[in-house]
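# Reading the structure
Here are the chains, one letter per residue:
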Amino acid sequence: MTRELTKQELHNLAMNIVGKELEEKGFEFIAINSQLGKNPQFVCINASKQRYFVVVKAVAYPDNPHNYDMIWMEAFKKHAREHEAKVFYAGVGLQNAANPSEPVLLNEAYALEYAGVQAIETHLN
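Residues numbered from 1 in each chain as written. Predicted model: local features only at pLDDT ≥ 70, side-chain atom pairs only at ≥ 80, totals over all residues. Heavy atoms only, no water.

## Quick look at the packing of aromatic side chains
As enumerated under the stated definition, the model contains seven aromatic pairs in all. Judged by centre distance (4.9 Å) and plane angle (50°), the rings of Y68 and Y89 are tilted. One end of the pair, Y68, is in the loop between β3 (51-60) and α2 (70-82); the other, Y89, is in strand β4 (residues 85-96), with 21 residues separating them in the sequence. Taking the relative accessible area as the measure of exposure, Y68 reaches 25% and is therefore partly exposed. In this structure an aromatic cluster arises from ring pairing among F27, Y52 and F88. (Phe/Tyr/Trp six-rings, centres within 6.5 Å; stacked < 30°, edge-to-face > 60°. Helix = DSSP H or I, 4+ residues; strand = E, 2+ residues; numbered from the N terminus. Buried < 20%, exposed > 50% of the residue type's maximum accessible area, 1.4 Å probe, protein only.)

Right under this line is the structure:
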């Protein structure tokens, strides 16, 4: 049976994509939170033990996955500074491969727009 993916399922798909990239880059996961609306989704460290907070956002067509709420991000950056963490933003664009105006469907092909994790400067502003 084919059905539209829920927001939580789209979020989980985006998290899987980002999680694989982080693993490939050698990050070690300290905590993972897949609950929609809870940030960060990943808390991880690199080889030098630098802590990173990773915000994952699943975005459906026609929205731009590279855009994020600047005001919210300022508050989140403050939270990261308080924990001596750096911030990565990962916008994951997902759309129906056959028809971009249709939703992403379970067990159907989808198109992906993903530029990888993007470093967000926490010391600015």
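## With respect to the nonpolar core
One recurring pattern in soluble globular proteins is that nonpolar side chains are buried together. V18, L22, V54 and V56 are the most contacted members of the largest nonpolar core, which has 20 residues in total. Residue assignment for this core shows that the elements contributing at least two residues are α1 (7-24), β2 (42-45), β3 and β4. Take this core: its biggest share by element is seven residues, from α1. In this structure V54 touches V18, L22, P40, Q41, F42, C44, F88 and V117, once residues within four positions along its chain are discounted. By size, the runner-up hydrophobic cluster in this structure holds 10 residues, among which are V55, F76, A80 and V87. (Core = buried A, V, L, I, M, F, W, Y, C linked by side-chain atoms within 4.5 Å. Contact = heavy atoms within 4.5 Å.)

## Some thoughts on the pattern of salt bridges
Scanning the model with the defined rule gives four salt bridges in all. Here E82 ties to K78 by a salt bridge, and the two come within 2.8 Å at their closest N and O atoms. Of this pair, E82 and K78 both sit in helix α2, four residues apart, which is roughly one turn of the helix. (Salt bridge = Lys/Arg side-chain N within 4 Å of Asp/Glu carboxyl O.)

## A short note on α2
For α2, built from 13 residues, the straight-helix expectation of 18 Å at 1.5 Å per residue is met to within 8% by its first-to-last C-alpha distance of 19 Å. Along α2, the positions that sit buried rather than exposed are M73, F76, K77 and A80. The buried residues of α2 occupy an angular sector of 110° when projected down its axis, which confines them to one face. Near the N-terminus of α2, the side chain that reaches the backbone nitrogen of I71, with its oxygen 3.0 Å away, is that of D69. Phi turns positive, to about 50°, at E84, one or two residues after α2. (Expected span 1.5 Å × (residues − 1). Arc of directions from axis to C-beta. Polar contact = N/O pair within 3.5 Å; in protein donor to acceptor, adjacent residues only side chain to side chain.)

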